[in-house]
There are 2 protein chains.
Amino acid sequence: MTYSEENYLKVIYHLSTGNSKGITTNAIANEMESKPSSVTDMVKKLAEKELVAYKKYQGVSLTEKGRQHAVMIVRKHRLWEVFLVEKLDFSWDEVHDVAEQLEHIKSEKLIDKLDEFLDFPTEDPHGDPIPDRNGKIAKMEKQLLSETSLNTKVICVGVKDSSSSFLQYLDKQQIALGSAIEIISREHFDQSLSLKVNDKPLSVSNKIAANLFVKPL
Amino acid sequence: MTYSEENYLKVIYHLSTGNSKGITTNAIANEMESKPSSVTDMVKKLAEKELVAYKKYQGVSLTEKGRQHAVMIVRKHRLWEVFLVEKLDFSWDEVHDVAEQLEHIKSEKLIDKLDEFLDFPTEDPHGDPIPDRNGKIAKMEKQLLSETSLNTKVICVGVKDSSSSFLQYLDKQQIALGSAIEIISREHFDQSLSLKVNDKPLSVSNKIAANLFVKPL
DNA sequence: CTATATTTTTAGACAAAACTAAAAATGTTT
DNA sequence: AAACATTTTTAGTTTTGTCTAAAAATATAG
Ligand SMILES: [Mn+2]
Ligand SMILES: [Mn+2]
Ligand SMILES: [Mn+2]
Ligand SMILES: [Mn+2]
């Protein structure tokens, strides 16, 4: 499996979660920052290898074999992110690009030993679940802060957007995984929220709240 | 710089040590397990980028720029080997192939943090020196066991051949970096040696002795 | 239901990195 | 120095992954 094939599989996998229909050529091209014609070519190759199911004009979906492969790439990506943060003192906004490279290293022993070295973490630095060596993903109870009712006490457990700019905003506001959040009030006009984060008052826009995962305490 | 370009640079670098003349096309092809015609093509490209000096039929040599690049790849390779052995419990005969992949990961921060995490090691698991972040290589006093005189007490500090089969042979004979070796006698006929390794008697062929680096105690 | 817009696929081109086969240069013998 | 052997380069293909431009299929609107 080539570097490029792996990237396509991963993108198709991510587009598939919460999307039961076939993934469109355009959606893949968009995510890969490439052109639809390139996607069509690659999808044909992946179909040839039985990693995806593909019918012309009907979009594409992962086969079980393709899903397994994709999950293993996600496992590697997230384990490496944990390594970078926990062992090498990277901050959570610096790890993604390096993990994009490390996820392609081929060695089952390496990844299982790394898993053990990190003490079998179940979530990466952004709160995303880490598949185990059999590809099983423990699902975590979580909801968006924007969809949480008033006067609830919750704990921050993940981010939906893990762009540098969002993560750095959270750092600045001292919001991290594990922070205790209480929703004081919601502004009707723009859905912005008044919060208490670790007992300190903070007001955030709906866009922020719609990218923070929390769970009831 | 592509994966392939990096591999060529590294091979040319290794062929260059202890070889002041231009490196031949055939030597590179041999080391890369590719064909001379492929080497000619790549060498032209590297010359274009001023990473090597090349004149038709005259062989090739690294420019200072090319040498710097090559040394950084070697640095990464050896640091990752240390990581695999020290932190993930790989044995010294298992690390090379994985390090061949890891050496191409591009992130200066990653490699400097890894260096720090490993406590700035100066040698890899095979006794080879690790260039520092400026490309400087501390040179170690060492000689081949086969060229060491009788009744000398020495300590094992490295291997010349780091193939799996040689390393596993050493494991079996309980020879490791740091082992104390005394040369008892040398057989005239085949240059084989009678040794004491950590006070236990052992007889080794010249081929073994010619691949073990030692330093006088 | 037909016209228009959008999406997707095809056809053809290109760059990177490899190869084979043949030509050219260099090295070695007699 | 000529003949032969070896090394190196050139010329022409191939595979992988990308692209543009044009054609075909599908979706949307009037
Ligand atoms: Mn990531
Ligand atoms: Mn992540
Ligand atoms: Mn190695
Ligand atoms: Mn080594």
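Named according to an unreviewed UniProt entry, chain A is Transcriptional regulator MntR originating from Flavobacterium rakeshii. According to the UniProt record, the Function (unreviewed entry) comment for chain A is "In the presence of manganese, represses expression of mntH and mntS. Up-regulates expression of mntP."

1. Re the interface of chain A and chain B
Many descriptions give the size of an interface as the accessible area lost when the pieces come together. Between chain A and chain B, the residue contacts involve 20 residues of the former and 20 residues of the latter. Both faces combined, the contact of chain A with chain B buries some 1700 Å², and carbon together with sulfur accounts for 73% of it. At the junction of chain A and chain B, the tally comes to two salt bridges. In this structure, B:Lys109 and A:Glu94 form a salt bridge, with 2.8 Å as the shortest nitrogen-oxygen distance. Elements with a contribution of two residues or more to the side of chain A that touches chain B: helix H4 (64-86), helix H5 (95-102) and helix H6 (108-117) of chain A. Element by element, the count of residues in the side of chain A that touches chain B is highest for H6(A), at five residues.

2. Thoughts on the coordination of the manganese ion (ligand 1)
All names here are of chain A. The coordination sphere of the manganese ion (ligand 1) contains the protein donors His77 (NE2), Glu81 (OE) and His96 (ND1), at a distance range of 2.0 to 2.2 Å. In this model, the manganese ion (ligand 1) sits 3.5 Å from the manganese ion (ligand 2), the two metals being bridged by Glu81. In this pair, Glu81 sits in helix H4 while His96 sits in helix H5, placing the two residues 15 residues apart along the sequence.

3. Some words on unusual backbone geometry
Even without glycine at this site, A:Asn151 takes up a positive phi of about 60°. Residue placement: A:Asn151 occurs in the loop between strand E3 (143-144) and strand E4 (153-159). Given the relative accessible area of 57%, A:Asn151 is considered exposed. Residues other than glycine seldom take positive phi values, yet B:Asp119 does so here, at roughly 70°. If you trace the backbone, B:Asp119 turns up in the loop between helix H6 (108-117) and strand E3 (143-144).

4. Observations concerning the packing of aromatic side chains
Throughout the structure, instances matching the rule amount to seven aromatic pairs over all chains. On the basis of an interplanar angle of 85° and a centroid distance of 6.1 Å, the ring pair of A:Trp80 and B:Trp80 is categorised as edge-to-face. Of this pair, A:Trp80 sits in helix H4 while B:Trp80 sits in helix H4 (residues 64-86), which puts the two residues in different chains. Residue classification places B:Trp80 among the buried residues on the basis of a relative accessible area of 1%. Considering the side-chain rings of A:Phe83 and B:Phe117, the 6.2 Å spacing of their centres and the 80° angle between planes classify their relative orientation as edge-to-face. Here the residue A:Phe83 occupies a position in helix H4, and B:Phe117 occupies one in helix H6, the pair thus bridging two chains. Assessed through its relative accessible area of 22%, B:Phe117 is described here as partly exposed.

Calculation rules
Residues numbered from 1 in each chain as written. Chains lettered and ligands numbered in written order. Predicted model: local features only at pLDDT ≥ 70, side-chain atom pairs only at ≥ 80, totals over all residues. Heavy atoms only, no water. UniProt positions renumbered as here; feature names shortened; annotations may be inferred. Contact = heavy atoms within 4.5 Å. Buried area = accessible area lost by both parts, 1.4 Å probe. Salt bridge = Lys/Arg side-chain N within 4 Å of Asp/Glu carboxyl O. Helix = DSSP H or I, 4+ residues; strand = E, 2+ residues; numbered from the N terminus. Donors = N, O, S within 2.8 Å, 3.2 Å for Na, K, Ca; no water. Buried < 20%, exposed > 50% of the residue type's maximum accessible area, 1.4 Å probe, protein only. Phe/Tyr/Trp six-rings, centres within 6.5 Å; stacked < 30°, edge-to-face > 60°.

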